[in-house]
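# Chains, contacts and geometry: an overview
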Amino acid sequence: MTTFWATILVFLFGYMINAFYITVLYHRGLTHRAIEMKPALEKWLAFSGPWLTGIDPKAWACMHRLHHLHSDTEHDPHSPVHYGIFGVMLGQLRSYEKILRRLKRGDPQYTDVVSDIKFDVHVLNRKKLWPVPYILHLGIAVAVGYAFGSTWVGAAYFLGIMSHPIQGWLVNSFAHHSGYRNFDSADNSKNNTLVAIFVFGEGFQNNHHSRPFAANFAVKPTEVDMGYWLCLGAEKLGMIKIPRGAESPQSEMNHAY
Ligand SMILES: [Zn+2]
Ligand SMILES: [Zn+2]
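Structural notes, computed from the coordinates. Starting from 1, residues in each chain are numbered consecutively following that chain's sequence as written. Here chains are named by letter from A upward and ligands by number from 1 upward, in the order in which they appear as written. Owing to the predicted nature of the model, reporting of local features is limited to residues with pLDDT of at least 70; listing and counting of side-chain atom pairs is limited to 80 or more, with chain, interface and lining totals taken over all residues. Side-chain figures throughout are based on the complete set of non-hydrogen atoms in the structure, without hydrogens or water.

### Side note on the packing of aromatic side chains
Here the aromatic set is Phe, Tyr and Trp, taking the six-membered ring for Trp, and pairing holds for ring centres within 6.5 Å; pairs whose planes are under 30 degrees apart are stacked, those over 60 apart are edge-to-face, and all others are tilted. In total, this model carries 9 aromatic pairs according to the counting rule given. Between the aromatic rings of Trp-44 and Phe-47, the centroid separation amounts to 5.8 Å while the plane-to-plane angle is 50°, which identifies the pairing as tilted. Taken together, the positions of Trp-44 and Phe-47, both in helix H2 (residues 39–53) and 3 residues apart, correspond to about one turn of that helix. Relative accessibility thresholds used throughout: buried, under 20% of the residue-type maximum; exposed, over 50%; partly exposed, between the two (1.4 Å probe, protein chains only). On the basis of relative accessibility, which here comes to 47%, the residue Phe-47 falls in the partly exposed class. Ring geometry for Trp-130 against Tyr-134: centres 6.0 Å apart, planes inclined by 80°, an arrangement best described as edge-to-face. By relative accessible area, which is 26% here, Tyr-134 ends up partly exposed. The rule for a charge over a ring is simple: NZ of Lys or CZ of Arg within 6 Å of the ring centre, and within 35 degrees of the ring normal. The positively charged end of Arg-28 is found above the aromatic ring belonging to Phe-217, 3.8 Å away from the centroid. The helix count covers DSSP runs of H or I at least four residues long, the strand count covers runs of E at least two residues long, and both are numbered beginning at the N terminus.

Spelled out as structure tokens, the structure:
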């Protein structure tokens, strides 16, 4: 295998793991309950999430629910209206850090938002050990680079598996700024096809904000949500269940997020 193809494949390997965790488990599973996770999977997510993605599942779910509750208002943790397209990158990090601090402190303004999530903030974040997963993946990247005899391949591993800040920035900025709308929602959410391709359906923010309880973010035949394909694959493997028909939470019109 050439170094070029090894770089691409190793990047995709890391990127897919990150995307699966964030869009399927953190977002559609934990935050919106649009898919049902087996209790054992939720426990595994609580333990393994920060190790694999560097992101705390409870803090992420809290931040994202606040985003849905206050989309594009001054209380939105990462709206381009207030931070600007490029400012969202740093803005989302600052909001995440603040939410993590408030959850650890037990501030009811934040803990109430995620009161249904029974596990605590991860021990890595409680003990201020959050850099450990980053150092671990850096070590793995060095080993991968050494094994393939190429710094590029090692860097591709690290950038792929730690890609969430970039994926989050693309979604939180562009998919609330540019694109088309299928639904007349009260926020600025847009369907941005390019972002939807790169970030596994997450670019369909207008669809998603209007139907947060739906596992599939695509609503038109021309829209492709690859994150939903990951959900279907996980369902086939018996990891999750996608509510359908009468079981579907779509009837809960008072669903806040
Ligand atoms: Zn949004
Ligand atoms: Zn959402």
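### Here's the deal with the environment of Tyr-110
By the element assignment, Tyr-110 lies in helix H6 (residues 108–111). Sequence-wise, Tyr-110 and Ile-99 are 11 residues apart; in three dimensions their C-alpha atoms are separated by 7.1 Å. Aside from chain neighbours lying at most four places away, what touches Tyr-110 is Cys-62, Leu-66, Lys-98, Ile-99, Arg-102 and Leu-103. Contacts are residue-level and defined by heavy atoms, with any inter-residue pair within 4.5 Å sufficient.

### A word on the coordination of the zinc ion (ligand 2)
Donor atoms from the polypeptide that coordinate the zinc ion (ligand 2) comprise His-27 (NE2), His-32 (NE2), His-64 (NE2), His-68 (NE2) and His-208 (NE2), at 1.9 to 2.2 Å from the metal. Going along the chain, you hit the donors of the zinc ion (ligand 2) in the pattern H-x4-H-x31-H-x3-H-x139-H. Here the residue His-68 occupies a position in helix H3 (residues 57–69), and His-208 occupies one in helix H12 (residues 205–210), the gap between them amounting to 140 residues. The same class applies to His-68 as to His-208, namely buried. Donor selection uses N, O and S atoms within 2.8 Å of the metal (3.2 Å for Na, K and Ca). Since no water is included, sites may look incomplete.

### Brief notes about helix H13 (residues 226–236)
Among the residues making up H13, those that are buried are Gly-227, Tyr-228, Leu-230, Cys-231 and Ala-234. Along the axis of H13, the buried residues cluster in a sector spanning 150°; they form a single face. Exposed positions of H13 whose direction lies more than 90 degrees from the buried face are Trp-229 and Lys-236. Those residues of H13 hidden inside the fold are in contact with helix H1 (3–31) and strand E2 (240–241). With a side-chain oxygen lying 2.9 Å from the backbone nitrogen of Gly-227, the N-terminal cap of H13 falls on Asp-225. One or two positions beyond H13, positive phi appears at Gly-238, with a value near 80°. Each C-beta atom gives one direction from the helix axis, and the arc is the one those directions make. Polar contacts, as used here, are pairs of N or O atoms within 3.5 Å; protein pairs need one atom able to donate a hydrogen and one able to accept it. Residues neighboring in sequence count only if both atoms are side-chain atoms.

### Some words on helix H5 (residues 87–105)
Working rule for helices: expected span equals 1.5 Å times residues minus one. With 19 residues, H5 should reach 27 Å at 1.5 Å per residue; the first-to-last C-alpha distance of 27 Å fits that figure. Turning to H5, its buried residues are Val-88, Gly-91, Gln-92, Ser-95, Tyr-96, Ile-99, Leu-100 and Leu-103. Within two residues after H5, Gly-106 carries a phi angle of roughly 80°, on the positive side.

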